[in-house]
Amino acid sequence: MNPIEQTSHRGVAELLLAVRNHQMLTQQELADLCGLDRAQLCRYEKGHREPSLSTLRRMLGALGWSLLLSVEPSTARVDRILDAPFDALDLLDLDVIRLLEVAALAYENGAGIVVDGEVAAVMQGVPVVTGDLAILARPGDVELVGRAAAAQHATVGETEVGELAMFAGSASARLVPSQVLPASRLARVDFRPWFSGRQVPVTDLDVLYERGALGASAMALVCRMRRRNGH
């Protein structure tokens, strides 16, 4: 994916400057391409004025881009969500927690695994209600994960589309053999009174974000967390 598409821009000024730098154009060259006066373009890039929607479409079109509009929660709303105290038990179904217990047990028994999906984000402080859970395991350790599942009264089998998964009650976790596990960090599995004190590797939050592995709500929350942390 192009770097322009991978980056969130905080305004038209930042977007225009990023596009111009990506195309390696001077202000005058970009102004000529878009049929604008250079002084007018300068005001747009400095944020002193904003182009109309039609002008912005014309400018981006001249450079081979289409303008797509999207909406996301306001910064204030996202901040309120992030600043409110939360308990992971309010976000994760009890059967999802049972599958996390399987992952923790498999890790304690020496399996090379990483918890992935939005549940990994929850375990790193992202307050989103989710059941999206995947367990990435080295191919030679999949059987070890299966034994841990059996010990916790969970099952391993195939989904309707032929993918390997673990099941506990109404919850499931994709079980994905992977030769190369993503960058991870240890997260504490602490869901009293069921189990506590264990740790399990989870895909690093920055990796989840940059991979686009989260839903829209989680992405908005992580984006705001990164900006608040100076990313």
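One can find the structure itself at the top, above this paragraph.
Parameters and conventions
Residues numbered from 1 in each chain as written. Predicted model: local features only at pLDDT ≥ 70, side-chain atom pairs only at ≥ 80, totals over all residues. Heavy atoms only, no water. Helix = DSSP H or I, 4+ residues; strand = E, 2+ residues; numbered from the N terminus. Rg over C-alpha atoms; globule rule 2.2 N^0.38 Å. Areas by Shrake-Rupley, 256 points an atom, 1.4 Å probe, with all protein chains shown as cover. Lys, Arg positive; Asp, Glu negative; His and termini not counted. Charge placed at Lys NZ, Arg CZ, Asp CG, Glu CD. Pairing = 2+ DSSP bridges. Buried < 20%, exposed > 50% of the residue type's maximum accessible area, 1.4 Å probe, protein only. Arc of directions from axis to C-beta. Contact = heavy atoms within 4.5 Å. Core = buried A, V, L, I, M, F, W, Y, C linked by side-chain atoms within 4.5 Å. Salt bridge = Lys/Arg side-chain N within 4 Å of Asp/Glu carboxyl O. Disulfide = S-S within 2.5 Å.

Trainee: Would you mind going over the overall build of the protein in detail, with residue names and values included?
Mentor: In terms of regular secondary structure, the protein is built from 11 helices and seven strands. Rg of the C-alpha trace for the protein: 23 Å, well past the compact-globule value of 17 Å for 231 residues, more than 25% over. Accessible area of the protein: about 12,600 Å², with a carbon and sulfur share of 49%. Charge separation in the protein, taken as the distance between the mean sites of 23 positive and 28 negative side-chain charges, equals 8 Å.

Trainee: Quick one: what's the story with the pairing of strand S4 (residues 164-168), residue by residue and with numbers?
Mentor: Bridge count between strand S3 (residues 155-158) and S4: four bridges; the pairing is antiparallel. Pairing of Gly157 across the sheet is with Ala165, part of S4. Count of turn residues in the S3/S4 antiparallel hairpin: five residues, of which Gly162 carries a positive phi of about 85°. Strand direction decides the pairing type here: S4 and strand S5 (residues 171-177), joined by four bridges, are antiparallel. Bridging across to S5, Ala168 finds its partner in Ala171.

Trainee: With reference to specific residues and values, describe helix H3 (residues 27-34).
Mentor: An α-helical turn contains 3.6 residues, so any two residues separated by three or four positions project in the same direction. Looking at H3, one finds that the buried residues are Gln27, Leu30, Ala31 and Cys34. In a view along the axis of H3, the buried residues occupy a sector of 100°, so they form one face of it. Residues of H3 that are buried sit in contact with helix H2 (12-23), helix H4 (38-46) and helix H5 (53-62). Once H3 finishes, Gly35 follows within two positions and takes phi at roughly 70°, a positive value.

Trainee: Please set out the nonpolar core residue by residue, giving values where relevant.
Mentor: Counting residues in each nonpolar core, the largest one holds 51 residues, and the members touching the most others are Ile113, Val115, Leu133 and Ile135. The next biggest cluster of nonpolar side chains, apart from the first, holds 16 residues, and it includes Leu15, Leu16, Met59 and Leu60.

Trainee: Hey, could you go over helix H9 (residues 142-151) for me, with residue numbers and the actual values?
Mentor: Buried within H9 we find Val142, Leu144, Val145, Ala148 and Ala149. The buried residues of H9 occupy an angular sector of 160° when projected down its axis, which confines them to one face. Pointing more than 90 degrees away from the buried face of H9 are the exposed residues Glu143 and Ala150. On its buried side, H9 packs onto helix H7 (94-108), strand S1 (113-116), strand S2 (134-137), S3, S4 and S5. Following H9 by one or two positions, His153 has its phi on the positive side, about 60°.

Trainee: A description of the environment of Arg227 should follow, citing residues and the corresponding values.
Mentor: If you trace the backbone, Arg227 turns up in helix H11 (residues 216-228). When the C-alpha atoms of Arg227 and Thr203 are compared, they prove to be 20 Å apart, with 24 residues separating the residues in sequence.

Trainee: Before we move on, could you go through the environment of Arg49 and cite the residues and values that matter?
Mentor: Of note, Arg49 is situated in the loop between H4 and H5. Spatially, the C-alpha atoms of Arg49 and Asp190 are 51 Å apart, while their sequence positions differ by 141 residues. In this view, Arg49 contacts Arg43 and Tyr44; residues no more than four positions away in its chain are not counted.

Trainee: I'd like a rundown of the environment of Ala13, residues and numbers included.
Mentor: Within the secondary structure, Ala13 sits in helix H2. In this structure the C-alpha to C-alpha distance between Ala13 and Ala31, which are 18 residues apart in sequence, comes to 14 Å.

Trainee: Tell me about the pattern of salt bridges, and please be specific about residues and values.
Mentor: Counted under the stated rule, the structure contains 12 salt bridges. Note that Glu108 is salt-bridged to Arg198, the shortest N-O span being 3.0 Å. Pair noted here: Glu108 is in helix H7 and Arg198 is in strand S7 (residues 195-203), with a separation of 90 residues, a long-range link.

Trainee: Got a sec to walk through the side chain of Asp79? Specific residues and values, please.
Mentor: Along the chain, Asp79 turns up in helix H6 (residues 75-83). On the basis of relative accessibility, which here comes to 17%, the residue Asp79 falls in the buried class. When residues no more than four places from it in sequence are discounted, the contact partners of Asp79 are Arg224 and Arg228.

Trainee: Hey, could you go over the state of the cysteines for me, with residue numbers and the actual values?
Mentor: Applying the stated criterion across every chain, the model contains zero disulfides. A disulfide-free cysteine, Cys42 has its sulfur positioned 14 Å from the sulfur of Cys34, the nearest such atom. The exposure class assigned to Cys42 is buried, which follows from its relative accessible area of 19%.

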